[in-house]
Amino acid sequence: MESKTKNRRTMEEEGGKWPRWLKPLLSTQFFVQCKQHADSHKSECNMYCLDCSNGALCSLCLSNHRDHRAIQIRRSSYHDVIRVNEIQKVLDITGVQTYIINSARVVFLNERPQPRPGKGVTNTCEVCTRSLLDSFRFCSLGCKIGGSSSSGHIERKKRKNKFMNSSDSEESYTTTGSDKSNITTHSFTPSTPPPTMSGFRSPAKRRKGIPQRAPFGSLMLEF
């Protein structure tokens, strides 16, 4: 309850919908070498100070932010994620799909668009159309910001994309079905060859082969 109250107070002080540190957080490049502690083996920048919002920090930089709110950024498939139990203390993540990675529930910082949703998908992100579970609206924190700022336009775009994908799927299915039916027809019902002149003369040839002079030959032998 205290964390929610603190987050609400932060938003009210900013006079906007989102805290001032959120957009800088989403645009920060993490997992780079710290310039101040380049000689240390702990110089990877995977921390962020919400109170200073001055870029990515390494673990050694935290000594200058002891009384500040710092969060740790992790990676999954080359994408930045943050644990739910850390971010939900300072930000409302309602509507953002969560994932379980390495036994921890996380959310992605920025969008991860897909070329086309998979078959049978009934719900997609309202911003980047990534496949989602039915109970969520966004795939990441960045998409929630974009979707909340222009939800009407994005919703129309979402419906249009769904309609186009549905039409493409139906057209592809119709074409494939037609091709398969043609192949089946040619394979199982071959066309009847046209009649030829030799076909009409074949009975005459068989009758022509019957001997005609055998009886006369026997009569000549009797005389």
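What counts, and where the lines are drawn
Residues numbered from 1 in each chain as written. Predicted model: local features only at pLDDT ≥ 70, side-chain atom pairs only at ≥ 80, totals over all residues. Heavy atoms only, no water. Core = buried A, V, L, I, M, F, W, Y, C linked by side-chain atoms within 4.5 Å. Buried < 20%, exposed > 50% of the residue type's maximum accessible area, 1.4 Å probe, protein only. Contact = heavy atoms within 4.5 Å. Disulfide = S-S within 2.5 Å. Pairing = 2+ DSSP bridges. Helix = DSSP H or I, 4+ residues; strand = E, 2+ residues; numbered from the N terminus. pLDDT = per-residue confidence, 0-100.

Visitor: Could you clarify how one ought to interpret the nonpolar core in this entry?
Guide: Among soluble globular proteins, nonpolar side chains are generally buried collectively. With 39 residues, the main nonpolar core has Trp 21, Leu 22, Leu 25, Ile 87, Leu 91, Val 107 and Leu 141 as its most contacted residues. When near neighbours in sequence (up to four residues on either side) are disregarded, Leu 22 contacts Leu 91 and Ile 145.

Visitor: Would you mind showing me how to read the state of the cysteines here?
Guide: Here, the word disulfide means a covalent bond between the sulfur atoms of two cysteines. Under the criterion given, the structure shown has zero disulfides. Here Cys 128 stays free of any disulfide, with the sulfur of Cys 139 as its closest cysteine sulfur at 3.4 Å. For Cys 128, a relative accessible area of 6% translates into the label buried. Its sulfur unpaired, Cys 143 is 3.7 Å from the next cysteine sulfur, which belongs to Cys 139.

Visitor: Can you walk me through the sheet that holds strand E2 (residues 56-57) in this structure?
Guide: Pairing between the strands of a sheet comes from backbone hydrogen bonds, and it takes one of two forms, parallel or antiparallel. Taken in spatial order, the three strands of this open sheet run E2-E1-E3, and their pairing is antiparallel. The open sheet terminates on both sides in strands that have one partner only, identified here as E2 and strand E3 (70-72). By the bridge criterion, three bridges tie strand E1 (residues 47-49) to E3 in an arrangement that is antiparallel. In the sheet register, Met 47 faces E3, and the bridge partner there is Gln 72.

Visitor: Looking at this model, I keep getting lost on the confidence of the model for the protein. Mind explaining?
Guide: Detailed reading of predicted coordinates is not advised where the pLDDT is low. For the protein, per-residue confidence averages 74 on the pLDDT scale, and 60% of positions sit at 70 or higher. In the predicted structure, residues 9-15 sits below a pLDDT of 50 and forms eight contacts with residues beyond four places in sequence or in another chain. Scored below 50 in pLDDT, residues 216-223 shows zero contacts in the model against residues more than four places distant or in partner chains.

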